[in-house]
Amino acid sequence: MTAHPFDEATALEPLGDGVFRGRTHPAYWNMAGPFGGATAALMLKAVMEHPARRGRPVAQTVNFCAAIGEGEFEIRAVPVRDGKSTQHWSVEMVQNGQVVTTATAVTGAERDTWAHQSAAAPSFPPAGEVSEVETAGRMPWFGRYEFRMVEGRTPFDPPPQGGLGSAASKLWLRDSPARPLDYVSLAALADTFLVRILLVRGAFAPVATVSLSTYFLADSQALAAQGDRRMLALADARAFRHGFADQSAELWSDDGALLAVSHQVTWFKE
């Protein structure tokens, strides 16, 4: 069987002592480097493949320090604290002798505990009733995801008339081609929401994610149950000031379980 493009893009070669070698993939290229979600996925993948790792991902924060060039890189994952309930990790991506991305991650044992979801699942029309966004001819990474917009603008719509557009998006989302959900792909999916200022102002401009934090609420059973079906996705922003803006997102299973939430700070050039 042919490997999924995502698995090719996140393939890592172990070099020993928590160091892995990877290579950028053209299918996940963005404007000036790899799509940030693919980078976040690689940082988590290094933790997941570390022989000392215990438990599942609970949280990850990725700091995008510099542009990643085409070609090889190395990732070092270091367990900095190993407790009874959680492990804490420090991760660095290095290219040409320079640190280009840093991350921290927390993994934790899956335990059968009291559980409650106070948030109500959003209401969506069936995915089959929502048109898929056409991504042909766009940046390569767009084509690696299926977007079905329920509410909100797409980055390819005409500029908003008479002012500013909404920062909110509501959509059906999954990998393209479809791929069973796991923690590494969930880390990437949490960054598939365009920098919100592009939707609000309706024009492409230099933008970048500075820091992205993702909190994984799904256990392995929930991911397996979701499989390769489309997820419910929400994204919004609250303020744009001094060249930076916030951005938040939620990823839900199609049967109403909250799988992950993410928060990021983005940069824009004025």
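Above: the structure in question.
All values reported here derive from a predicted model rather than from experimental measurement. (Residues numbered from 1 in each chain as written. Predicted model: local features only at pLDDT ≥ 70, side-chain atom pairs only at ≥ 80, totals over all residues. Heavy atoms only, no water.)

Participant: Explanation requested: the overall build of the protein in the structure shown.
Facilitator: Regarding its fold elements, the protein presents 5 helices and 13 strands. The globule rule puts the C-alpha radius of gyration for 270 residues at 18 Å, and the 18 Å found for the protein is close to it. The principal-axis extents of the C-alpha atoms in the protein amount to approximately 55 × 45 × 45 Å. Across the 270 residues in the protein, those meeting the buried criterion constitute 50%. A separation of at least 24 residues holds for 69% of the contacts in the protein among residues at least 6 apart in sequence. Split by element, the accessible area of the protein, about 13,100 Å² in all, is 52% carbon and sulfur. (Helix = DSSP H or I, 4+ residues; strand = E, 2+ residues; numbered from the N terminus. Rg over C-alpha atoms; globule rule 2.2 N^0.38 Å. Buried < 20%, exposed > 50% of the residue type's maximum accessible area, 1.4 Å probe, protein only. Contact = heavy atoms within 4.5 Å. Areas by Shrake-Rupley, 256 points an atom, 1.4 Å probe, with all protein chains shown as cover.)

Participant: Honestly, the nonpolar core in this entry has me stumped. Any pointers?
Facilitator: In globular proteins that are soluble, nonpolar side chains generally tend to be buried together. Among the nonpolar cores identified, the biggest contains 43 residues, and Y145 and L173 are the most heavily contacted of them. For this core, the element with the highest residue contribution is helix α3 (residues 183-189), accounting for 6 residues. (Core = buried A, V, L, I, M, F, W, Y, C linked by side-chain atoms within 4.5 Å.)

Participant: Honestly, empty space enclosed by the protein in this entry has me stumped. Any pointers?
Facilitator: Any space left empty among the atoms is revealed by the rolling of a water-sized probe across them. All chains considered together, the criterion is met by 3 cavities of 30 Å³ or more. Along the walls of the largest cavity sit 15 residues, with F147, M149, P155, T192 and L194 positioned nearest its centre. Among the secondary structure elements, those contributing two or more residues to the lining of the largest cavity are β7 (145-151) and β8 (169-175). Its boundaries defined by the atoms lining it, the second largest cavity holds a volume of some 90 Å³. With 3 residues, the top contributor of residues to the lining of the second largest cavity is helix α2 (residues 36-48). Of the residues belonging to the lining of the second largest cavity, the class tally is 8 nonpolar, 3 polar and 1 charged. (1 Å grid on protein atoms, 1.4 Å probe; cavity = no way out; pocket = protein on both sides within 12 Å on 5 of 7 lines; lining within 4 Å. Points joined across faces, edges and corners; volume = space filled by probe spheres on them. Nonpolar A, V, L, I, M, F, W, Y, C, P; charged D, E, K, R; others polar.)

Participant: Mind showing me how you'd approach the pairing of strand β12 (residues 244-252) here?
Facilitator: Within a regular strand, the side chains alternate between the two sheet faces. Pairing of strand β10 (residues 231-236) with β12 involves 5 bridges; the strand directions are antiparallel. By the bridge assignment, L234 is partnered in β12 with E250. As paired elements, strand β11 (residues 240-241) and β12 share 2 bridges and run antiparallel to each other. When the bridges of β12 are listed, F240 appears paired with A245. Two strands pair when backbone bridges link them, and β12 and strand β13 (residues 258-268) are joined in this way by 9 bridges, in the antiparallel orientation. Pairing of S248 across the sheet is with H263, part of β13. Taken together, β12 and the strand that follows it, β13, pair antiparallel across an intervening segment of 5 residues, in which G256 is found at a positive phi of about 95°. (Pairing = 2+ DSSP bridges.)

Participant: Can you help me understand the environment of F73 in this one?
Facilitator: Within the fold, F73 resides in strand β4 (residues 72-82). Distance in space between the C-alpha atoms of F73 and T24 is 8.0 Å, their sequence separation being 49 residues.

Participant: What is the right way to look at a nonpolar patch on the surface in this model?
Facilitator: Together, V210, F244, V265 and W267 make up a nonpolar patch on the protein surface, roughly 300 Å² of accessible area in all. With respect to the helices, strands and loops of the structure, F244 is situated in strand β12. (Patch = residues over 30% accessible without salt bridge, like charges linked within 9 Å, V, L, I, M, F, W, Y side chains within 5 Å. Salt bridge = Lys/Arg side-chain N within 4 Å of Asp/Glu carboxyl O.)

Participant: Any chance you could explain the packing of aromatic side chains here in plain terms?
Facilitator: For any pair of aromatic rings, geometry is given as the distance between the ring centres together with the angle between the planes. Applying the stated rule across the entire model yields 12 aromatic pairs. Ring centres of Y28 and Y145 lie 6.4 Å apart, and the angle between their planes is 75°; on these two criteria the pair is classed as edge-to-face. A residue pair is termed long-range when its members are at least 10 positions apart, and Y28 in the loop between β2 (19-23) and α2 and Y145 in strand β7 qualify at 117 residues. The residues Y28 and Y145 share a single accessibility class, namely buried. Each ring, one from Y183 and one from F216, has its centre 6.1 Å from the other, and the planes form 85°; the classification is edge-to-face. Of this pair, Y183 sits in helix α3 while F216 sits in strand β9 (residues 207-216); the two residues are 33 residues apart in sequence, bridging distant segments of the chain. For the pair shown, Y183 and F216 are each scored as buried. Pairwise contacts between aromatic rings join F6, Y28, F35, W141, F142, Y145, F147 and F156 into one cluster. Above the face of the F124 ring, K170 is positioned so that its terminal group lies 5.1 Å from the ring centre. (Phe/Tyr/Trp six-rings, centres within 6.5 Å; stacked < 30°, edge-to-face > 60°. Lys NZ or Arg CZ within 6 Å of the ring centre and 35° of its normal.)

Participant: Would you mind going over the environment of W29 with me for this structure?
Facilitator: Tracing the chain through its elements places W29 in the loop between β2 and α2. Distance in space between the C-alpha atoms of W29 and E70 is 9.1 Å, their sequence separation being 41 residues. Sequence-distant contacts of W29, that is, excluding residues within four places in its chain, are made with T24, P34, F35, I68, G69, E70, M139, P140 and W141.

Scope: geometric values only; no functional claims are made or implied.
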